[in-house]
Amino acid sequence: MKFAILLHFTLPFATGFGLKCLPSYTEDSHSLFKNRNSFFHMSTPSSEALNYNGKMINGLQMSKGTNFNLASDIAMENASKISEGDLNNIKFISGPQDAALRKAILESAYEECERITGIFAKTFYLGTKFMSPEGRKAVWAIYVWCRRTDDIVDGPRAMVRGRLSLQKDLDAWTQRLRDVFQGQAKDSLDLALADTKMRYPTLSIKPFEDMIGGMIMDIPGTGKMRYKNFNELEEYCYRVAGTVGLMTLPVLGTAKGVTEEEAKEPALALGIALQLTNILRDVGEDVARERIYLPLDELEKFGVKEANIMNGILDENYKKLMAFQIARTRFYYAKAAKGVPMLAPESRLPVQASLDMYGKILNSIEENGYDNFRKRAYVSKNEKIFTIPLSWWKSINLPDMSQLEQAEKELAKYGKYKFQLTRFDLLPNE
């Protein structure tokens, strides 16, 4: 699936916090985590009570002198009841140790998110270690939500269900998301995201909802198999990757004097750049799925027939088409580069590294003679390792904004073509 959830602002090794690149995390696999320790599923936030499955559970408040182990036993018993749908026999205790117990429960929820991230996105997980403890927990929670969202349309069960059934699941998932943003958590993974929202109040629900909308475009067998023009493709890239920049921006923070609103455009540009890179890298793989992401009107302009794509014909027209696609993608990288100085200092290295490393994939496509039908464009592990020091140096020796703007301006034109970013995040939902 082409769902590249590249948590680009937190990925030093930039190999794709990409749901396009991730193994499946199914509901069945979640049950393994859930059954392993039901304590994870009885939870409240660190500072205020959350609605858990529609019922207010106010922190398992302990009475004075209550034994902490007893409280833990009660928490686990409550968790078991909640997981079974029994919301009428929840036990409550109160007292001064409430905060400690509440903190322990929430930490367990984040540990669950960390565990899932470590299993299903090893490289990305390593990248999060560059972040602050609080920031990495928030990013794990966001990653897990995105992972679960992708599984709705890309998991094993999705392959045997029709579009209407999947749409119903996505509608239910949207409502569940809205509940989470209102502090209502149905399980430990929801809880972690709900707490993240509380910790980062500027975190908006819109990019999450827009990502769900992007899922419909990728439903196996019934999703969008062709894109008429770049506007359609850019919207797809925004929904499945650009949205991640908006999700993570509040966590990463901005430099002094820079607002989140000012930093949003580069964040979106990087997400789109990374997704376009995936598309250009994987043309051959997508052909095997009978899907073409390259805009049809641009194929026509460069004299490339759909049949040529489907048959992997590498001629001069196709090479010119690829050169054009790469040039446009580099424009998005240039726009994204303007965002590095806008971020909080501790967040700049991951972003700079993702720019440097993922951008090298475009170089690899060129070095392969534009043959993305039979040759895999990639950045070797050693090259990634050697890139990190350079990225670090760039992140602490920032160029003037005027230099970055000039670089963007130069890349905005390609012959008679002119590139620009569409702010789909500012458009109302349909």
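Criteria and thresholds
Residues numbered from 1 in each chain as written. Predicted model: local features only at pLDDT ≥ 70, side-chain atom pairs only at ≥ 80, totals over all residues. Heavy atoms only, no water. Helix = DSSP H or I, 4+ residues; strand = E, 2+ residues; numbered from the N terminus. Buried < 20%, exposed > 50% of the residue type's maximum accessible area, 1.4 Å probe, protein only. Areas by Shrake-Rupley, 256 points an atom, 1.4 Å probe, with all protein chains shown as cover. Contact = heavy atoms within 4.5 Å. 1 Å grid on protein atoms, 1.4 Å probe; cavity = no way out; pocket = protein on both sides within 12 Å on 5 of 7 lines; lining within 4 Å. Points joined across faces, edges and corners; volume = space filled by probe spheres on them. Phe/Tyr/Trp six-rings, centres within 6.5 Å; stacked < 30°, edge-to-face > 60°. Core = buried A, V, L, I, M, F, W, Y, C linked by side-chain atoms within 4.5 Å. Axes fitted to C-alpha atoms, helices over the stretch in contact; angles between N-to-C directions. Parallel < 35°, antiparallel > 145°, perpendicular 65-115°, else oblique. Left-handed = near helix turned anticlockwise from the far one by under 90°. Nonpolar A, V, L, I, M, F, W, Y, C, P; charged D, E, K, R; others polar.

Our next topic: the overall build of the protein. For the protein, the count of helices and strands is 17 helices and five strands. Here the protein holds 430 residues, and 58% of them are scored as buried. Carbon and sulfur atoms make up 51% of the accessible area of the protein, which amounts to about 18300 Å² in all.

Further remarks concern helix α8 (residues 206–216). Since the α-helix turns once every 3.6 residues, residues separated by three or four places project in the same direction. Counting buried positions over the 11 residues of α8 gives nine, a clear majority of the element. Looking at α8, one finds that the buried residues are Lys206, Pro207, Phe208, Glu209, Asp210, Met211, Ile212, Gly214 and Met215. Residues of α8 that are buried make contact with α5 (133–154), α6 (163–181), α7 (188–199) and α9 (230–252).

Glancing now at empty space enclosed by the protein. Counted under the stated rule, the structure contains two cavities of 30 Å³ or more. In this structure, the largest cavity encloses a volume near 50 Å³. Every residue lining the largest cavity is listed: Ile279, Val283, Asp286, Val287, Arg291, Ile292, Tyr293, Leu294 and Ile309. Among the elements that make up the lining of the largest cavity, the one with the highest residue count is helix α11 (residues 283–288) (three residues).

Tallying each qualifying case throughout the model produces 17 aromatic pairs. Judged by centre distance (6.0 Å) and plane angle (25°), the rings of Tyr238 and Phe424 are stacked. Within this pair, whereas Tyr238 is found in helix α9, its partner Phe424 is found in the segment after β5 (417–418), the two being separated by 186 residues in sequence. Judged by its relative accessible area of 3%, Tyr238 falls in the buried class. Looking at Phe424, the relative accessible area reads 8%, which means it is buried.

The next subject is the nonpolar core. Trp145, Phe208, Leu233, Leu294, Ile309, Tyr318 and Tyr332 are the most contacted members of the largest nonpolar core, which has 101 residues in total. For Tyr318, the contacting residues outside a window of four places in its chain are Val283, Leu294, Val304, Ile309, Ile313, Tyr370, Asn372 and Phe373.

Take the packing of α5 against α6 next. Interaxial distance between α5 and α6 falls to 9 Å at its minimum, and their mutual angle equals 160°. By the angle between their axes, α5 is roughly antiparallel relative to α6. As α5 packs across α6, the resulting crossing turns out to be right-handed. Between α5 and α6, the residues in contact are Trp145, Arg148, Thr149, Ile152 and Val153 and Leu166, Asp169, Leu170, Trp173, Arg176 and Leu177, respectively. Grouping the constituent residues of the contact of α5 with α6 by class yields seven nonpolar, one polar and three charged.

Read these as spatial facts, not as claims about activity.
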